[in-house]
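# Report on the structure
Residues per chain are reported as follows:
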Amino acid sequence: MLPKSEKTRLCIECVILNACYSEVQATAISQYIPYVIGMNKAIGDKAAIEFVVGFYSALAAGESIDFAYKLGCNAIAMAGIPENLTPVLKVK
C-alpha cells in the first residue's frame, strides 16, 4: 500500500471480465475505465484461454488494446472454437 503522503495516481487502462454474461458489468465499468472487455454470453474455458493468450501476447509485443482484442477474438476462431464473437470491447 502506498503511503498517504505520496500523491501517486494509479491509472487502469483496461479491465477484462472473463466471466459469462459480463457485458452489462463491462458497460457500467466503461464509464470509468477507457477499455473494458466483457462476455455477451457463456464462454467456455478453452475459448477464454485462447482469448487471453492472444490478447496478452499482443500487449506484450507492444500492440494497442484494440489490436490485442481483435487478436484474442481471432485466436478463438483459429482454434476452431465458435465463440469468437463472445468477447465484447467497450470503449469509454
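Here the structure is shown first, and the text comes after it.
Structure report, in brief. Remember, predicted model here, so these are calculated numbers, not experimental data. (Residues numbered from 1 in each chain as written. Predicted model: local features only at pLDDT ≥ 70, side-chain atom pairs only at ≥ 80, totals over all residues. Heavy atoms only, no water.)

What follows covers the packing of helix 2 (residues 45–60) against helix 3 (residues 65–78). Packing of helix 2 against helix 3 leaves a shortest axis separation of 7 Å and a crossing angle of 145°. As for how helix 2 packs across helix 3, the hand of that crossing is right-handed. Each of Ala47, Glu50, Phe51, Gly54, Phe55, Ala58 and Leu59 in helix 2 lies in contact with helix 3, whose residues at this interface are Ile65, Phe67, Ala68, Tyr69, Leu71, Gly72, Cys73, Ala75 and Ile76. (Axes fitted to C-alpha atoms, helices over the stretch in contact; angles between N-to-C directions. Helix = DSSP H or I, 4+ residues; strand = E, 2+ residues; numbered from the N terminus. Left-handed = near helix turned anticlockwise from the far one by under 90°. Contact = heavy atoms within 4.5 Å.)

One can find Ala68 in helix 3. By relative accessible area, which is 0% here, Ala68 ends up buried. Considering only alpha carbons, one finds Ala68 and Glu50, 18 residues apart in sequence, at a separation of 12 Å. Ala68 has contacts with Gly54, Phe55, Ala58 and Leu59, leaving out every residue within four places of it along the chain. (Buried < 20%, exposed > 50% of the residue type's maximum accessible area, 1.4 Å probe, protein only.)

Here we come to the sheet that holds strand 2 (residues 35–39). A sheet is described by the order of its strands in space; here three strands give the open sequence 1-2-3, paired in mixed fashion. Only two strands of the sheet have a single partner each, and these edge strands are strand 1 (14–16) and strand 3 (87–91). The sheet shows a mean angle of 20° between the axes of neighbouring strands, direction not considered. Sheet topology places strand 1 next to strand 2; three bridges connect them, and they run parallel. When the bridges of strand 2 are listed, Val15 appears paired with Val36. Running at roughly 165° to strand 1, helix 2 makes contact with strand 1, strand 2 and strand 3 of the sheet. (Pairing = 2+ DSSP bridges.)

Next up on the list: helix 3. Compared with the 20 Å implied by 1.5 Å per residue over 14 residues, the 20 Å span of helix 3 between its first and last C-alpha is a close match. Inspection of helix 3 places Ile65, Ala68, Tyr69, Gly72, Cys73, Ala75 and Ile76 among the buried residues, and these make up the whole buried set. Viewed end-on, helix 3 has its buried residues packed into an arc of 155°, placing them on one side of the element. Across from the buried face of helix 3, at angles greater than 90 degrees, the exposed residues are Lys70 and Met78. (Expected span 1.5 Å × (residues − 1). Arc of directions from axis to C-beta.)

This brings us to the pattern of salt bridges. Summed over the entire model, instances satisfying the criterion amount to one salt bridge. Notably, a salt bridge pairs Lys90 with Glu23, separated by 3.1 Å at the nearest N-O pair. Within this pair, whereas Lys90 is found in strand 3, its partner Glu23 is found in helix 1 (residues 23–29), the two being separated by 67 residues in sequence. (Salt bridge = Lys/Arg side-chain N within 4 Å of Asp/Glu carboxyl O.)

Counting buried residues along strand 2, four of its five residues qualify, which places the element largely inside the surrounding structure. Summarising the sheet, strand 2 and strand 3 pair through five bridges and their orientation is antiparallel. Bridging from a neighbouring strand, Gly38 pairs with Val88 of strand 3.

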